[in-house]
Amino acid sequence: MDSKRRPIHGGISRNPNSTSKPAMAFHFLRALSHIRLTTRRGSSLARRTLRIRRAAYASMACSAGTRRAWSRALLRKLRSPAPRRGASVLPRRAARTTSSPDTDLRQALALRRLVPGGAAMEHCELLEETADYIRCLNAQVWLMQAVVHGLGDLSN
Amino acid sequence: MSSRRTRSRQSSSTRITDEQINDLVSKLQAVLPEARIRRSDRVSAAKVLQETCNYIRSLHREVDGLSERLSELLEESSSDQAAIIRSLLM
């Protein structure tokens with residue numbers, strides 16, 4: 001019984017700078033609560049799913065704050081009036097500031113599309129930002145799994 | 001066209017060395033799960049980047065799946081949300 005009821009913010013994050021689990025949990029749970037409050041009866045599953053996914057990326061961006069280029073890009077995108085699908089920003093043609101080594105160019109381009117704000121980054125910055133973005137994604141996935149467990153326990 | 005820009009960028013004061021890039025690539029390798037790339041193996045930078053892309057895509061998919069799961073659960077659970085939040089924070 002105890003093993004199931006894990007606290008959301010279990011343990012000190014090894015990297016308190018960018019992936020603060022308590023901050024992420026606070027933002028995400030608050031958003032979930034809001035979504036639940038404002039969900040009308042009979043509203044579609046798909047619409048609610050999109051709101052939850054958006055809340056997930058928002059809580060990631062909020063916990064990293066403005067410290068990271070990827071989180072700044074994500075915050076910009078989330079605040080823009082026309083939300084896009086997925087978390088990646090489409091590459092802007094003008095900002096080809098890549099100095100990637102030729103051999104890695106294809107992979108680097110793919111990576112730029114996956115990491116928010118990646119299109120405008122220098123190669124070294126891209127690598128650093130990617131590592132941080134992955135750490136944050138991991139934390140968010142872990143958080144969502146914990147919430148699913150928690151809610152699953154309740155409805156049993 | 002990009003090579004011209006690369007040359008001019010490298011001649012500026014902040015010269016990026018191969019060593020720096022290798023260092024960052026190995027840090028990236030450290031973030032990938034063991035199932036994708038064994039950390040002890042010395043793999044090429046291209047391989048690390050490729051596995052990184054695959055891993056990010058799978059994480060994005062996982063967020064999508066968990067969002068859907070949460071969406072279903074939010075609809076199901078009949079307890080008031082205060083109790084839910086409270087119990088999750090214990």
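Residues numbered from 1 in each chain as written. Chains lettered and ligands numbered in written order. Predicted model: local features only at pLDDT ≥ 70, side-chain atom pairs only at ≥ 80, totals over all residues. Heavy atoms only, no water.

A.B. asks: Where do I start with the overall build of chain B in this structure?
C.D. replies: The helix and strand inventory of chain B stands at 4 helices and 0 strands. Overall, chain B shows an N-to-C arrangement of helices and strands of α-α-α-α. The proportion of buried residues among the 90 residues of chain B is 34%. (Helix = DSSP H or I, 4+ residues; strand = E, 2+ residues; numbered from the N terminus. Buried < 20%, exposed > 50% of the residue type's maximum accessible area, 1.4 Å probe, protein only.)

A.B. asks: Sorry, what's going on with the overall build of chain A here?
C.D. replies: Looking only at helices and strands, chain A has 5 helices and 0 strands in total. Beginning at the N terminus, the succession of helices and strands in chain A can be written as α-α-α-α-α. For chain A, buried positions account for 47% of its 156 residues. Residue pairs at least 24 apart in sequence account for 59% of intrachain contacts in chain A once pairs closer than 6 positions are excluded. For chain A, the accessible surface area stands at approximately 8400 Å², while carbon and sulfur atoms represent 53% of it. (Contact = heavy atoms within 4.5 Å. Areas by Shrake-Rupley, 256 points an atom, 1.4 Å probe, with all protein chains shown as cover.)

A.B. asks: Looking at this structure, I do not really get the confidence of the model for chain A. What am I missing?
C.D. replies: Low-pLDDT stretches of the model should not have their predicted coordinates read in fine detail. Residues and elements named next belong to chain A. On average, residues of chain A score 80 in pLDDT, and 71% of them reach the 70 mark or higher. The low-confidence segment residues 1–16, where pLDDT is below 50, has 17 contacts with residues more than four positions distant or belonging to other chains. In the model, residues 87–95 has pLDDT below 50 throughout and makes 20 contacts with residues more than four positions away in sequence or in other chains. (pLDDT = per-residue confidence, 0-100.)

A.B. asks: What's the story with the environment of A:His34 in this structure? I'm lost.
C.D. replies: You can see A:His34 is positioned in helix α1 (residues 21–37). Taking the C-alpha atoms as reference points, A:His34 and A:Gln107, separated by 73 residues in sequence, lie 39 Å from one another.

A.B. asks: I would appreciate a short explanation of the packing of aromatic side chains in the present structure.
C.D. replies: Given two aromatic rings, their pairing is described by the distance between the two centres and the angle made by the two planes. Applying the stated rule across the entire model yields 1 aromatic pair over all chains. Over the face of the ring belonging to A:Trp142 we find A:Lys21, whose NZ or CZ atom lies 4.2 Å from the ring centre. (Phe/Tyr/Trp six-rings, centres within 6.5 Å; stacked < 30°, edge-to-face > 60°. Lys NZ or Arg CZ within 6 Å of the ring centre and 35° of its normal.)

A.B. asks: What should I look at first to understand the packing of α1(A) against helix α2 (residues 45–64) of chain A in this one?
C.D. replies: Helices that pack against each other are described as a pair by the angle of their axes relative to one another and the distance between those axes. Residue and element names in this part refer to chain A. Closest axis-to-axis distance for the α1/α2 pair is 8 Å, and the angle between their directions is 155°. In this view, α1 runs roughly antiparallel relative to α2, as classed from their interaxial angle. Crossing geometry of α1 relative to α2 is assigned as right-handed. Two secondary-structure elements touch here, α1 through Ala23, Met24, His27, Phe28, Ala31, Leu32, His34 and Ile35 and α2 through Arg48, Arg51, Ile52, Ala55, Ala56, Ser59, Met60, Cys62 and Ser63. Residue classes in the contact of α1 with α2 are distributed as 11 nonpolar, 4 polar and 2 charged. (Axes fitted to C-alpha atoms, helices over the stretch in contact; angles between N-to-C directions. Parallel < 35°, antiparallel > 145°, perpendicular 65-115°, else oblique. Left-handed = near helix turned anticlockwise from the far one by under 90°. Nonpolar A, V, L, I, M, F, W, Y, C, P; charged D, E, K, R; others polar.)

A.B. asks: Can you walk me through the packing of helix α2 (residues 18–31) of chain B against helix α3 (residues 45–76) of chain B in this structure?
C.D. replies: Residues and elements named next belong to chain B. α3 packs onto α2 with a crossing angle of 40° between their chain directions and a minimal axis gap of 10 Å. The angle between α2 and α3 places the two elements in the oblique class. Every pair of crossing elements has a handedness; the one defined by α2 and α3 is left-handed. Along its contact with α2, which presents Val25, Leu28, Gln29 and Val31, the element α3 presents Ala45, Val48, Leu49, Thr52 and Tyr55. Classifying every residue of the contact of α2 with α3 gives 7 nonpolar, 2 polar and no charged.

A.B. asks: Where do I start with the pattern of salt bridges in this structure?
C.D. replies: Two side chains that carry opposite charge are able to pair once their charged atoms sit near each other. The final tally for this structure, using the stated rule, is 7 salt bridges over all chains. Residue A:Asp132 is joined to A:Arg135 by a salt bridge in which the shortest nitrogen-to-oxygen separation is 3.7 Å. One end of the pair is A:Asp132 and the other is A:Arg135, both in helix α5 (residues 123–155) and 3 residues apart, which spans about a single turn. Of the charged contacts, one joins B:Glu72 and B:Arg69 as a salt bridge, the two residues approaching to 3.1 Å between their closest N and O atoms. One end of the pair, B:Glu72, and the other, B:Arg69, are both in helix α3, 3 residues apart, so they sit about a helical turn from each other. (Salt bridge = Lys/Arg side-chain N within 4 Å of Asp/Glu carboxyl O.)

A.B. asks: Which parts of the structure should I look at to understand the nonpolar core?
C.D. replies: The tendency in soluble globular proteins is for nonpolar side chains to be buried as a group. Residues A:Phe28, A:Val147 and B:Leu70 are the most contacted members of the largest nonpolar core, which totals 58 residues. Residue assignment for this core shows that the elements contributing at least two residues are α1, α2, α3 (69–79), α4 (105–114) and α5 of chain A together with α2 and α3 of chain B. Considering every element that reaches this core, the biggest residue donor is α5(A), with 15 residues. Excluding residues that lie within four positions of it along the chain, A:Phe28 makes contacts with A:Ile52, A:Ala55, A:Ala56, A:Ser59, A:Gln140, A:Leu143, A:Met144, A:Val147 and B:Leu70. (Core = buried A, V, L, I, M, F, W, Y, C linked by side-chain atoms within 4.5 Å.)

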